[in-house]
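Survey of secondary and tertiary structure
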Amino acid sequence: MKTYDLIVIGGGPAGVSGARLAAMHNKTVALINPDKELGGAGVNTGTLPSKTLRETALALSGAQARNLLGLEISLRREANVADFLRHEQNVKAGFNTMLAQWTKSLNIDFFPGTAVFENPHTLRAANPADGAWALQGEKILIATGSSPFRPPLFPFDQPHIYDSDTILSLDRLPRSLVVVGAGVIGSEYACIFAALGVEVHLIDGRNTLLPFLDAEVSSALAAAMKRNGICLHQNERVQECVAHGLNQIALKLASGGELTVEAILVASGRKSNTAQLNLTAAGVVTGERGLVQVDEHYRTSAPHIYAAGDVIGFSALASTSIEQGHRAVSHAFNLSARAGLPKLLPTGIYTIPEVSMVGETEETLKKQGVDYVVGRAPYANSIRGRIIGDTGGFVKLLFRRSDLKLLGVHVLGEHATELVHVGLMAMLTGATATIFDDACFNMPTLSELYKFAAREVLVQQAIAKS
């Protein structure tokens, strides 16, 4: 039996973050991961692949160039599925190699295999090729991530019925695709395939697309997706799914409608990867869909065992998982940890167009009874926006009326997930609209839009006082 200061179960963003921090503080660390490739869903099946595929789809389809000089560019006809997936595979392989090098350089012992608790401090790691190891840990971090939830309605054993993991194994581009579930993953993939010229139907059980977004932004995104060719079925659900042969799948909808397509992507949420861990032996309590319950320091019901990342549920983002893993290990070894997560968490959605936000929406401010003012600046007001051909995007800033403190930032358009960080940093300092008025931004850039939006509010306030 080998004994460690920390055993990490899972080599995704949360696990790698926690393992690295402990090793950098000279703790002995073991990392158990079911695959030889580190990175978890974030690198291998989720964040990295889907975002890389988005960029590939934009490049192959010429979507980003269609508004430049009136050019009409169609999908490169010589491109095939191998071309579509090649860049994603190269990026993933490069990142896998980097993670392996990090682990080796920090003297982290890596055990490729599944982990099972034998008691609260002892784990058995095993794989068919290499055998089994008994490991004992003073502290343990569970970071096993999550897997796509597969509703029994869909016959996943049939060809061309995919979840968000298996969609990466497609052998050809379908001519038509139904995406079931209009959450972040479903919306992103719907946009990717629509950009490639696939007939896409997106089925959403709600009447509002991504309802956590500011309503104006949600409406604008839905309109943009429809313009890009996506048929959005709202307040709808699938009642029956039958595969006929290799290339025909029939769906019956709750509304009475029917759809026949070549492929289906089911994006109906995720479930925690805890079933095989034998958490009962460790004294760790789980909830719905296997979610591990933790306190503000990411401790489970067993005080020496922590959990972070998708395995604990919301917000289930790679960025937040990294923070959670870092803070869990910081607390475990008294490394000046802060409880919980940063107060302000940006959200980035890689649809086409991108959407990003941080802070309050108009709806949350109204619910709180906060009097606010809105500053808007369309991409079309920026030379940079016109250069890149994105004149439909916009920046929307929400300020408290009494002192013009920035309370919310919302961006729709290309580079939104980068552009939102300007507002995030301003909010972290408690800034008001004047910070953007005082700043000098490079020209031409999209960041100038913050100044335009803020000045709109400052002028309104000056007129109101005069």
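Use the structure listed above.
Looking at the sheet that holds strand β14 (residues 258-261)
- In spatial order, the strands read β12-β13-β14; together these three strands make up an open sheet with antiparallel pairing. The sheet is open, and its two borders are formed by β12 (238-244) and β14, each paired with just one other strand. The sheet shows a mean angle of 15° between the axes of neighbouring strands, direction not considered.
- Note that β12 and strand β13 (residues 248-253) share six bridges and pair antiparallel. Looking at the pairing, H244 lines up with Q248 of β13.

Observations regarding the packing of helix α1 (residues 13-24) against helix α8 (residues 318-332)
- Running from N to C, α1 and α8 cross one another at 35°; their axes reach a closest spacing of 7 Å. The crossing of α1 and α8 is right-handed. Only A318, S321, I322, G325, H326, V329 and S330 of α8 make contact with α1, whose side of the interface consists of P13, A14, S17, G18, L21 and A22.
- The residue inventory of the contact of α1 with α8, partitioned by class, reads seven nonpolar, six polar and no charged.

Here we look at empty space enclosed by the protein
- Scanning all chains against the criterion turns up one cavity of 30 Å³ or more.
- If you go around the largest cavity, the residues you meet are H160, Y162, L170, R172, P174, E262 and A263.

Quick notes on the packing of helix α3 (residues 47-61) against helix α5 (residues 184-195)
- At a minimum axis separation of 8 Å, α3 and α5 run at an interaxial angle of 25°. In terms of their interaxial angle, α3 and α5 are classed as roughly parallel. Where α3 crosses over α5, the two elements pack in a sense that is left-handed. Facing α3, whose interface residues are S50, K51, L53, R54, A57 and S61, α5 presents E188, Y189, I192 and A195.

Comments concerning the packing of aromatic side chains
- Applying the stated criterion across every chain yields a total of five aromatic pairs.
- With centroids separated by 6.4 Å and ring planes inclined at 35°, the aromatic side chains of Y189 and F193 adopt a geometry described as tilted. Here Y189 and its partner F193 are both found in helix α5, four residues apart, which amounts to about one turn of the helix. There is no split in this pair, since Y189 and F193 are both buried.
- Between R20 and the ring centre of W102, over which it is positioned, the NZ or CZ distance is 3.9 Å.
- We note R289 situated over the ring of F149; from NZ or CZ to the ring centre the distance is 3.9 Å.

Notes on α8
- Given a rise of 1.5 Å per residue, 15 residues ought to cover 21 Å, and the 21 Å separating the end C-alpha atoms of α8 matches this to within 8%.
- Every buried residue of α8 is accounted for by T320, S321, Q324, G325, R327, A328, V329, S330, H331 and A332.
- Tucked into the core, α8 has its buried residues touching β1 (2-9), α1, β6 (131-142) and β17 (305-307).
- With its phi angle positive at about 55°, N334 sits one or two positions after the end of α8.

The rules behind these values
- Residues numbered from 1 in each chain as written.
- Predicted model: local features only at pLDDT ≥ 70, side-chain atom pairs only at ≥ 80, totals over all residues.
- Heavy atoms only, no water.
- Pairing = 2+ DSSP bridges.
- Helix = DSSP H or I, 4+ residues; strand = E, 2+ residues; numbered from the N terminus.
- Axes fitted to C-alpha atoms, helices over the stretch in contact; angles between N-to-C directions.
- Left-handed = near helix turned anticlockwise from the far one by under 90°.
- Contact = heavy atoms within 4.5 Å.
- Nonpolar A, V, L, I, M, F, W, Y, C, P; charged D, E, K, R; others polar.
- 1 Å grid on protein atoms, 1.4 Å probe; cavity = no way out; pocket = protein on both sides within 12 Å on 5 of 7 lines; lining within 4 Å.
- Points joined across faces, edges and corners; volume = space filled by probe spheres on them.
- Parallel < 35°, antiparallel > 145°, perpendicular 65-115°, else oblique.
- Phe/Tyr/Trp six-rings, centres within 6.5 Å; stacked < 30°, edge-to-face > 60°.
- Buried < 20%, exposed > 50% of the residue type's maximum accessible area, 1.4 Å probe, protein only.
- Lys NZ or Arg CZ within 6 Å of the ring centre and 35° of its normal.
- Expected span 1.5 Å × (residues − 1).

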